[in-house]
Every structure is written in C-alpha cells, then in structure tokens.
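Observations on chain architecture
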Amino acid sequence: MQNKLYAALDVGGTKIYTVLADANKQIIARQKTATLAEAGPEKVIKQLIATVRQLMKTEQLQDAQLAAVGVCIAGFYDWHNRILVHSPNLPGWSNVPLEEILAAEFAVPARVENDANAAAVGEVSFGAGRNHNNVVFVTISTGIGAGLIINGQLYRGSSGVAGEIGHFIVQPDGPRCGCGQQGCLETVASGTAIGRQGQKAAACGQSALLQSLVSEPAAVTAQEVFKAARLGDPAAQKILHEALTYLGLTLVNIVNLLNPSAVILGGGVTAAGDEILLSLRKIIAEHAVSAAAKAVQLKLAALGEEAGVLGMLALL
Ligand SMILES: [Zn+2]
C-alpha cells in the first residue's frame, strides 16, 4: 500500500487545481490549469484526465499506483444519483455522470463532491474549522456557495444540494443568475457581481478613480473595487457596502437557522481580509438572534486554494 497515490482535483469556472498525494494524504505534486469552461464538459473532462496523467508522468509514477480519484466541482451535484445536474458557472454541464466517467477512465474508484462541501470538509479537518462541530463554510468568488458541517458530519440534504446559499433570492427583480432565477445572492454579492458593478461605475463616469486603475472599464474586477474603496472612492464604497449588506444579512439568516459555532469565509473576495470580517461581524452582532450571534465565530479560511483538494483527500 505504501506506493498508493490519490489524485484530487478542484474544478472551478476559471481554474482547475490538481494534486497528487501519497498514502498518508501528503501532497507530493500540484498543478494549476485554466478551465476551458466555454468549450463545454467534454473538453473540460479531457482536461481533468490529462492533468492527472501529466502530473503522474512528471513525477515518474505508474498508473497502477493510483488508488482513487476525487473531484470537487462548482455545481449542483446530485449525490444520490451521482450526477452533476447543472453548473451556473460551467456552461453546458447538465446531468453529467462525472464519477462514472472518471472511474472508467482510470479504472479506480472515483468520487465527486460539490466544491463548497469539499472545502468545508478541508477546513474542518485541517484548517480554520478544527475543534468545531457545527460549521458553515462560505465561499465567495466567481459565485457564492456554502458547505455545512452539522454535528461533525457533512450535511448534503435530501438530494445533495444543501448549502446553495448563492441562490438565496435577495432581490426578486434583480439581475438574471446562471441558475435561471433573478436576484440570487451571487448576482449582487459575488466577486463577479462586485466587478460588474465596478465596470458600470467606471464606464458611466461615476468613478474617475476606478477608471484610472484600469486600461478600460471592462477590465475592472472586484480587486479594483476594493482598492478604490480603500482609497476613499464613494462609488466603490457604495458598491461594497451594498454587497456586504446582502452577504451579512444572509449570514444572519444562516446563523439564526443553524446556530453554528463557526462561520468560515473563503474564496477570492475574502483576500480583502479584515475589512470584510469587521463589516460582517457587525451585521451579525446587530441583526442575528443574540444567543446565536454570541455563539458564532466569524473566521477567514486557513487553507486558501487547497481547501477543496484537501477536503477531497479527507473524503477519499
Ligand atoms: Zn441563482
């Protein structure tokens, strides 16, 4: 068993992060690739297979050493029927039996999990959620998702899609979401949404500062909006204030519903760090049921982009 290997992949709308780990689940090789998301599922699945094979070749490892493959992916994963039903951030993925395809390709057991679920397991096993039994992991990047750990166990719900907080409807007449609904949380508070509103502010002359940070308005991302807000730009501050209000009130609802001892924030948007934590803590303290607000710690994720793959390794 000593030479057995595990492959774990985190498939997002923009990148695929692949690792190989040894029998002790220690990572021995890693690789990051841009997701060819627009090319559709067939092409992306080919990418997943190729990245595992390439890493194994680079590390001079044999196919026979591979013991299992785990993939976490941004999408609605039906855990009972083992099918990726739909992905708002990966065009064309509908009812894809990813586990079956990977198991057949590598001739080893394969396991697929929603990316936020995997990251929640990663953070509870190795990161900011250690020593907590009731944890909500929230990821804010291209989209918004959550993984729920209840009584120490991953909670998937009755068809595997529990935790889809990015599709809480917060603005019934708001922007159209990749899931088909209007005004989902991720259309007003994700990194993509913050960037899009920044682009608008730069294009219509509301923010000269945002305009000055990029070559053209379309190049504004959430990062520039955070930067402009920090430099005192009123338009950028308003965009962030709105996004954080929607996010904060969603956390209030979650805290009231589940009474967790930790809410862990991950994803690209949380790179802005303390300013986000302080705003959200204040909203929770002011609006959540007081006993629930007092019981919860709001923390930043500790594992960064490795949370998903470490979670998959823990699950394999
Ligand atoms: Zn949605």
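Quick caveat: nothing in here was measured; it's all calculated off a predicted structure.

Here the focus is the overall build of the protein chain. Along the protein chain, the regular secondary structure elements total eleven helices and 13 strands. Here the C-alpha radius of gyration of the protein chain, 20 Å, is about what a compact globule of 316 residues would show, namely 20 Å. The dimensions of the protein chain, computed from C-alpha atoms along their principal axes, are 60 × 50 × 30 Å. When the 316 residues of the protein chain are sorted by exposure, 48% land in the buried category. Residue pairs at least 24 apart in sequence account for 60% of intrachain contacts in the protein chain once pairs closer than 6 positions are excluded.

Here the focus is the packing of helix H5 (residues 191-203) against helix H7 (residues 222-230). Helix-helix packing is described using two parameters, namely the angle between the two axes and the distance between the axes. In the contact formed by H5 and H7, the axes pass within 7 Å of each other and the chain directions differ by 65°. As judged from the angle between their axes, H5 and H7 are roughly perpendicular. Remark: the crossing between H5 and H7 carries left-handed chirality. In this structure, H5 contributes Gly-191, Ile-194, Gly-195 and Gly-198 to the contact, and H7 contributes Ala-222, Glu-224 and Val-225. Counted by class, the contact of H5 with H7 contains three nonpolar, three polar and one charged residues.

Of the positions making up helix H2 (residues 98-106), those classed as buried are Leu-98, Glu-99 and Leu-102. Projected onto a plane normal to the axis of H2, the buried residues spread over an arc of 100° and lie on a single side. If you follow the buried residues of H2, they end up packed against strand E4 (66-73), strand E6 (83-86), strand E7 (94-96) and strand E8 (110-114). With its phi angle positive at about 55°, Ala-107 sits one or two positions after the end of H2.

Next up on the list: the pairing of E6. Sheet topology places strand E5 (residues 76-78) next to E6; three bridges connect them, and they run antiparallel. Residue pairing in the sheet places Tyr-77 in a bridge with Leu-84 of E6. Counting the residues between successive antiparallel strands, the hairpin from E5 to E6 contains four residues, one of them, Arg-82, with a positive phi of roughly 55°. The pairing of E6 with E7 spans two bridges and is antiparallel. The residue of E7 that forms the bridge with His-86 is Ser-94.

Of the residues in the protein chain, 99% have a pLDDT of 70 or more, and the chain-wide mean is 94. Across the protein chain, helix H10 (residues 290-295) holds the top mean pLDDT of 98, while E5 sits lowest at 91.

Time to look at the pairing of strand E10 (residues 144-150). The buried fraction of E10 amounts to six of the seven residues, a majority that puts the element mostly inside the structure. Note: strand E9 (residues 135-140) against E10, six bridges, orientation antiparallel. The residue bridging Thr-139 from the neighbouring strand is Gly-145, located in E10. Counted along the chain from E9 to the antiparallel partner E10, the turn is three residues long. Of the pairings in the sheet, the one linking E10 to strand E11 (residues 153-155) comprises three bridges and is antiparallel in character. From the neighbouring strand, Ile-149 faces E11, where its bridge partner is Leu-154. Here E10 hands over to E11 after two residues, with Asn-151 in that stretch at a positive phi of 50°.

Procedures and definitions
Residues numbered from 1 in each chain as written. Predicted model: local features only at pLDDT ≥ 70, side-chain atom pairs only at ≥ 80, totals over all residues. Helix = DSSP H or I, 4+ residues; strand = E, 2+ residues; numbered from the N terminus. Rg over C-alpha atoms; globule rule 2.2 N^0.38 Å. Buried ≥ 20, exposed ≤ 12 C-beta atoms within 10 Å, placed from the backbone. Contact = placed C-beta atoms within 7 Å. Axes fitted to C-alpha atoms, helices over the stretch in contact; angles between N-to-C directions. Parallel < 35°, antiparallel > 145°, perpendicular 65-115°, else oblique. Left-handed = near helix turned anticlockwise from the far one by under 90°. Nonpolar A, V, L, I, M, F, W, Y, C, P; charged D, E, K, R; others polar. Arc of directions from axis to C-beta. Pairing = 2+ DSSP bridges. pLDDT = per-residue confidence, 0-100.

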